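# Results of the structural survey
Each chain, letter by letter, is given below.
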Amino acid sequence: METVVSGIRSTGNLHLGNYFGALRNFIKMQKENNCFFFIADLHSLTTHPDPKHLHENVKNVLTDYLAAGIDPEESAIFIQSDVPEVSELYLLMNMHAYMGELAKTSSFKEKARKQPENINAGLLTYPVLMATDIIIHKANKVPVGKDQEQHLEMTRRFARRFNNFYGVDYFPEPTAYNFGSELIKIPGLDGTGKMGKSEGNCIYLMDDPKEIEKKVKKALTDQGPESMNSIKPDYIENLFTILKVVSTPDVVQFYEEKWNKCEIRYGDLKKQLASDIIAVTSPIRERILEIKKDDDYLRKVSRMGAEKARESASKTIKEVRDIMGFKSF
Ligand code: TYM
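Please read these numbers as outputs of a predicted model, since none were measured by experiment.

### Focus: the packing of helix H9 (residues 126-135) against helix H10 (residues 149-166)
Running from N to C, H9 and H10 cross one another at 70°; their axes reach a closest spacing of 9 Å. One way to sum up the angle between H9 and H10 is to call them roughly perpendicular. Across the interface between the two elements, Tyr126, Pro127, Val128, Met130, Ala131, Ile134 and Ile135 of H9 pack against His151, Leu152, Met154, Thr155, Phe158 and Ala159 of H10. Looking at side-chain class alone, the contact of H9 with H10 contains eleven nonpolar, two polar and no charged residues.

### Focus: the layout of surface pockets
Taken as a whole, the largest pocket holds about 1,100 Å³ of empty space. Taken together, 47 residues form the lining of the largest pocket, with Arg9, Tyr126, Asp147, Gln148 and Lys194 sitting closest to its centre. Those elements giving two or more residues to the lining of the largest pocket turn out to be strand E1 (3-9), helix H1 (16-23), strand E2 (34-40), helix H3 (41-44), helix H7 (106-114), H9 and H10. Here the lining of the largest pocket takes six residues from H7, the largest share from any one element.

### Quick look at the pairing of E2
For E2, the buried fraction is high: six of the seven residues fall into the buried class. When E1 meets E2, the two strands line up parallel, connected through seven bridges. Among the inter-strand pairings, Arg9 is bridged to a residue of E2, identified as Ala40. Bridging between E2 and strand E3 (residues 76-79) involves four bridges; their strand directions are parallel. In the sheet register, Phe37 faces E3, and the bridge partner there is Ile77.

### Describing the domain arrangement of the protein
In many analyses, interface size is given as the accessible surface area lost on bringing the parts together. On domain assignment, one finds that the protein holds domain 1 (3-184 + 295-324) and domain 2 (209-289). On a C-alpha basis, the centroid separation for the pair domain 1 and domain 2 is 32 Å. Taken residue by residue, the interface counts nine residues in domain 1 and nine residues in domain 2. Together domain 1 and domain 2 conceal approximately 730 Å² of surface at their shared face, both sides included; 81% is due to carbon and sulfur atoms. Remark: the boundary between domain 1 and domain 2 carries zero salt bridges. Between the two partners, domain 1 and domain 2, sit one residue pair in polar contact (both at pLDDT 80 or more). Elements with a contribution of two residues or more to the side of domain 1 that touches domain 2: H1 and helix H4 (51-68). A per-element tally of the side of domain 1 that touches domain 2 places H4 first, with four residues. Across the side of domain 1 that touches domain 2, the residue classes break down as six nonpolar, one polar and two charged.

### Remarks on the nonpolar core
Within the largest apolar cluster, 56 residues are counted, with the highest numbers of intra-cluster contacts made by Leu16, Leu23, Tyr65 and Ile277. The greatest single-element share of this core, amounting to nine residues, is contributed by helix H14 (residues 266-292). If near-sequence neighbours (up to four positions away) are discounted, Tyr65 is found in contact with Ser6, Gly7, Ile8, Leu14, Leu23, Phe37, Phe38, Ile39, Ile70 and Ile77. Among the nonpolar cores identified, the runner-up in size contains 40 residues, and Leu129, Phe171, Ala309 and Ala313 belong to it.

### Focus: the packing of aromatic side chains
For the structure shown, the criterion picks out ten aromatic pairs. On the numbers, 4.8 Å between centres and 50° between planes, the contact of Phe162 with Tyr166 is tilted. Of this pair, Phe162 and Tyr166 both sit in helix H10, four residues apart, which is roughly one turn of that helix. Taking the relative accessible area as the measure of exposure, Phe162 reaches 2% and is therefore buried. On the basis of relative accessible area, Tyr166 is assigned to the partly exposed category, the value being 22%. Plain terms: the ring middles of Phe254 and Tyr255 are 5.0 Å apart, the flat faces sit at 85° to each other, and that makes the pair edge-to-face. Taking relative accessible area as the criterion, Phe254 reaches 42% and is therefore assigned partly exposed. These aromatic residues form a ring-pair network of at least three members: Phe162, Phe165, Tyr166, Tyr170 and Phe171.

### A few points about empty space enclosed by the protein
One pass over the full model with this rule turns up one cavity of 30 Å³ or more. Its boundaries defined by the atoms lining it, the largest cavity holds a volume of some 40 Å³. If you go around the largest cavity, the residues you meet are Phe38, Phe78, Gln80, Val86, Asp133, Ile136 and His137. For the lining of the largest cavity, a count of residues per class yields four nonpolar, two polar and one charged.

Definitions and limits used
Residues numbered from 1 in each chain as written. Predicted model: local features only at pLDDT ≥ 70, side-chain atom pairs only at ≥ 80, totals over all residues. Heavy atoms only, no water. Axes fitted to C-alpha atoms, helices over the stretch in contact; angles between N-to-C directions. Helix = DSSP H or I, 4+ residues; strand = E, 2+ residues; numbered from the N terminus. Parallel < 35°, antiparallel > 145°, perpendicular 65-115°, else oblique. Contact = heavy atoms within 4.5 Å. Nonpolar A, V, L, I, M, F, W, Y, C, P; charged D, E, K, R; others polar. 1 Å grid on protein atoms, 1.4 Å probe; cavity = no way out; pocket = protein on both sides within 12 Å on 5 of 7 lines; lining within 4 Å. Points joined across faces, edges and corners; volume = space filled by probe spheres on them. Buried < 20%, exposed > 50% of the residue type's maximum accessible area, 1.4 Å probe, protein only. Pairing = 2+ DSSP bridges. Domains from an automatic or database assignment. Buried area = accessible area lost by both parts, 1.4 Å probe. Salt bridge = Lys/Arg side-chain N within 4 Å of Asp/Glu carboxyl O. Polar contact = N/O pair within 3.5 Å; in protein donor to acceptor, adjacent residues only side chain to side chain. Core = buried A, V, L, I, M, F, W, Y, C linked by side-chain atoms within 4.5 Å. Phe/Tyr/Trp six-rings, centres within 6.5 Å; stacked < 30°, edge-to-face > 60°.

Listed below in structure tokens is the structure:
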């Protein structure tokens, strides 16, 4: 049995990118592994959320996770800031992370470009905190989308560096928990690339069917292909990428053939896409609405999760302190 750690920032509700990037097949994943699912509220601080909204955002992600099918009896589901051991290990790991490598990280460069007025040290050391989340449970597998590939590579580097520096074989070097052959990137429907909260182009698990239909209808298309078997432009390929994760292979094949024969009707494709997205999200949405009302349940679940996570994290902290030479008098 392997240990799996999965994290989602508390910056809004879960969207299709999170669901298919990090949670796909999680029922199988949580049955076969020792899983830790958490809400990365410390990571969300890099963009200075309003304290009035922080708790609500955490609650939304916790609710969405549970509604998506995470079983709190089977897995640990917890809030990052409820586990203070994470902050301690983060401090220790920071001593072995270097300015040059952190400043070169793509996510840092992108954030620095997006928020030039707030390039805080937490942004720079973001990958160290993420590595900490993973290695504190000595995880071997991390389900992530394509956008987190570099962070995972850095996690391996930090784990390896720690082991080499202290001459131990302590932290495993975690790899991606792949759902298929490669890491997935769910695109937005606006033709701009990745579906993401900060991109403002998400279809949320929480969206009602009308909203989903509206969003899909608005997706960028064109006049249609001009020659048989032509290469699809990015914004059309994006529709097919989403279709591939929500629809059955024969549906995908049907529209591929229509495209290849220049017979595709985007109206039909969009209707199909919306209806298949709704089939995935509707049952989750219903559960979200139920769970959201039940504060007692959310309290119980987050306490239980924090307890499980702290048990595992405090064992690691104790061992790491020992490896690093801390001794009590
Ligand atoms: P975050 O909150 O941006 O996204 C959470 C998870 O969803 C995946 N994801 C996507 N996958 C495919 N297509 C998309 N459009 C898409 N958008 C998001 C992400 O790859 C991720 O798996 N740094 C992380 C949070 C984190 C974490 C961790 C993850 C902190 N510590 C430890 C795993 C393990 C982040 O910002 O993800």
